[in-house]
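Structural description and commentary
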Amino acid sequence: MEIKIGVRSVHRELVVETNLTAEQVEEELGKALAADRGIFSLTDSKGRRVLVPITSLGFVEIGEEEARPVGFGGTL
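Everything numeric here is computed off the predicted structure, so don't read it as measured data. (Residues numbered from 1 in each chain as written. Predicted model: local features only at pLDDT ≥ 70, side-chain atom pairs only at ≥ 80, totals over all residues. Heavy atoms only, no water.)

1. Side note on the environment of Val-15
To be explicit about the condition: Working definition: helices are DSSP H or I runs of at least four residues, strands are E runs of at least two. Numbering for both runs from the N terminus. Only protein chains enter the accessibility calculation, which uses a 1.4 Å probe; a residue is then buried when its area is under 20% of its type maximum, exposed when over 50%, and partly exposed in between. In this description, contact between two residues means that some pair of their heavy atoms is separated by no more than 4.5 Å.
Topologically, Val-15 is positioned in strand β2 (residues 14-17). For Val-15, a relative accessible area of 48% puts it in the partly exposed group. Distance in space between the C-alpha atoms of Val-15 and Val-60 is 9.9 Å, their sequence separation being 45 residues. Sequence-distant contacts of Val-15, defined by excluding residues within four places in its chain, comprise Glu-2, Ile-3 and Lys-4.

2. Some remarks on the nonpolar core
Our working definition: To define a nonpolar core, start from buried Ala, Val, Leu, Ile, Met, Phe, Trp, Tyr and Cys residues and group those joined through side-chain atoms within 4.5 Å.
Counting 15 residues, the largest nonpolar core has Ile-3, Ile-5, Phe-40, Leu-42, Val-52, Ile-54 and Leu-57 as its most contacted members. Broken down by secondary-structure element, the contributors of at least two residues to this core are β1 (2-7), α1 (22-34), β3 (39-43) and β4 (49-53). Not counting chain neighbours up to four residues away, the residues in contact with Ile-3 comprise Leu-14, Val-15, Val-16, Thr-18, Val-25, Leu-42, Val-60, Glu-61 and Ile-62.

Take a look at the structure:
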């Protein structure tokens, strides 16, 4: 699943490909928001961790569960 994270005062968004479900991502975000000076953290599909302080978090966009096929294979 693709997660886009907007960070305040940064023009580019962070894009993280993770094996978590949408519900798990929302749960992690909720935990970070509940903690005083929390940190939102995700582990991507390659095992790398992305850490964003909640005070710098602009937005979190949760993508679709399944990726749509790309290409011209089924256009007959």
